[in-house]
Amino acid sequence: MLELRGVSRSVRGRVHIQSTDLTLQPGTMNVLLGPTLSGKTSLMRLMAGLDIPTEGRVFAHGRDVTGMRVQDRKVAMVYQQFINYPSMTVYDNIASPLRLMRKSRAEIDRAVRGTAEMLRLTALLDRKPLELSGGQQQRCALARALVKDSDLVLLDEPLANLDYKLREELRAEIPRIFRESGAIFVYATTEPEEALLLGGNTATLWEGRITQFGPAPEVYRRPNDAITARVYSDPPMNFAPCRKQGHSLTFGEGIHAPADGAFAGLPDGLYRAGFRPNHLRFEAHSGAAVAFRCTLGIAEITGSETFLHLTHGADNWVALLHGVHHFDPGTEISLMLDPAHVYLFEADGRLALPASYAAAA
């Protein structure tokens, strides 16, 4: 078990990690999700012992390891830029940390071949890294990390430099690898979709602070505040002012919807409505859907999807639509939103009401 107790990190007066309490259990996959510079790498360095916290303590299996040298702990780390020794074979790359630990030849051979089989590298053991594909090279780097039988494996955006096909291949394999190893896995990513695909637990980070931690689907469906909802949405969640009064909801500039179902029990007042970009559509997908007139800034066509960057009143939104849609900048577009997809947040950002579709999931 890994525990962070009141851990924080500041460098020359600049806060990198705010006071953090976090407990990770053996045999779990834990994803750190947040934008660039949110503190993911800084937090992993504290977990690994590469940095010493300004305040707080780090415990591994109940033992205080704060300040202990990383080489004295059973920790492995794999970076975004996978690193292998180009002059060594795959076998020797994987064996290198065991040789530094002065393991016997028989122990090394058994461990290397077992790890290579787990990562599907057995047929490649005699090759050198430059003879491998990008995905195979990253698996080699993973194998070198796992072969040490580490209690804690830290993966810092390990798939970011791979092409789409290789990312998909390794995303599918990493949960299998983690289940077979039994270690604590911590995986940093900027991509909400990746966090959901990997499963396990997700910690959302924003400006050096963990905003929420729990099972990935639960954090996605029931974010406890607007910041978490924004982090766990790609593109980020859209927001609009909303007033609840009696049996009516008013969004933005006079768009009305009935305050029935879960909305009915909400106290009257001002809220912030949030909804994900994929829930804006051209067609009404329920009888309760309401229409918003928006002005297009730019349309980005990715092939199978189109991102529309929009303004609605004073708010900037993004709509994620399936298919290819051509529009000129400045075009007025009507988009539909089902209130079942709307989250409501208090003025201070706390969740007031989850979207009914998510609450029912």
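In what follows, the structure referred to is the one given above.
Residues numbered from 1 in each chain as written. Predicted model: local features only at pLDDT ≥ 70, side-chain atom pairs only at ≥ 80, totals over all residues. Heavy atoms only, no water.

Caption draft 1: Quick look at helix 2 (residues 90-100). Most of helix 2 is tucked away, with eight of its 11 residues classed as buried. Inspection of helix 2 places V90, Y91, N93, I94, A95, S96, P97 and L98 among the buried residues, and these make up the whole buried set. Tucked inside the fold, the buried residues of helix 2 contact helix 3 (105-118) and helix 4 (134-146). Just past helix 2, the residue R102 takes up positive phi, approximately 60°. (Buried < 20%, exposed > 50% of the residue type's maximum accessible area, 1.4 Å probe, protein only. Helix = DSSP H or I, 4+ residues; strand = E, 2+ residues; numbered from the N terminus. Contact = heavy atoms within 4.5 Å.)

Caption draft 2: Looking closely at the pairing of strand 4 (residues 55-60). Taken together, the five bridges between strand 1 (residues 2-11) and strand 4 define a ladder with antiparallel strand orientation. Within strand 4, the position partnered with E3 by the bridge is F59. When strand 4 meets strand 5 (residues 63-64), the two strands line up antiparallel, connected through two bridges. From the neighbouring strand, A60 faces strand 5, where its bridge partner is R63. Hairpin connection from strand 4 to strand 5: two residues lie between these consecutive antiparallel strands, with H61 at a positive phi of about 55°. (Pairing = 2+ DSSP bridges.)

Caption draft 3: Expanded view of the layout of surface pockets. Its boundaries defined by the atoms lining it, the largest pocket holds a volume of some 780 Å³. Taken together, 25 residues form the lining of the largest pocket, with V75, A76, M77, P97 and K148 sitting closest to its centre. Among the elements of the structure, strand 6 (75-78), helix 2 and helix 4 are those that each provide at least two residues to the lining of the largest pocket. The biggest single contributor to the lining of the largest pocket is strand 6, with four residues. For the lining of the largest pocket, the class distribution of residues is 16 nonpolar, four polar and five charged. As a volume, the second largest pocket reaches approximately 570 Å³. Along its surface, the second largest pocket is lined by 19 residues, and E193, D234, P235, E305 and L320 are the ones closest to its centre. Looking at the lining of the second largest pocket, the elements that each hand over two or more residues are helix 5 (164-181), helix 6 (192-198) and strand 16 (305-312). Ranked by the residues each element gives to the lining of the second largest pocket, the list is headed by helix 5, at four residues. (1 Å grid on protein atoms, 1.4 Å probe; cavity = no way out; pocket = protein on both sides within 12 Å on 5 of 7 lines; lining within 4 Å. Points joined across faces, edges and corners; volume = space filled by probe spheres on them. Nonpolar A, V, L, I, M, F, W, Y, C, P; charged D, E, K, R; others polar.)

Caption draft 4: Spotlight on the environment of T28. Summarising the element assignment, T28 is placed in the loop between strand 2 (14-24) and strand 3 (29-33). Along the sequence, T28 and A183 sit 155 residues apart, while their C-alpha atoms lie 7.1 Å from each other. Apart from residues no more than four positions distant in its own chain, T28 is found in contact with F178, A183, I184, F185 and N201. A polar contact of 2.5 Å, which involves the side chain of T28, links it to the backbone oxygen of Q25. A polar contact of 2.9 Å, which involves the side chain of T28, links it to the side chain of N30. (Polar contact = N/O pair within 3.5 Å; in protein donor to acceptor, adjacent residues only side chain to side chain.)

Caption draft 5: Inspection of the sheet that holds strand 20 (residues 351-353) at higher detail. Read from one edge to the other, the open sheet built from six strands follows the order 13-12-11-14-19-20, with strand pairing classed as antiparallel. Edge positions in the open sheet fall to strand 13 (255-258) and strand 20, since each of these has one partner strand only. Each adjacent strand pair in this sheet contributes to an overall mean axis angle of 40°, direction not counted. Inspection of the sheet shows strand 12 (residues 248-251) paired to strand 13 by four bridges, in the antiparallel sense. Its bridge partner lying in strand 13, F251 is registered against I255. (Axes fitted to C-alpha atoms, helices over the stretch in contact; angles between N-to-C directions.)

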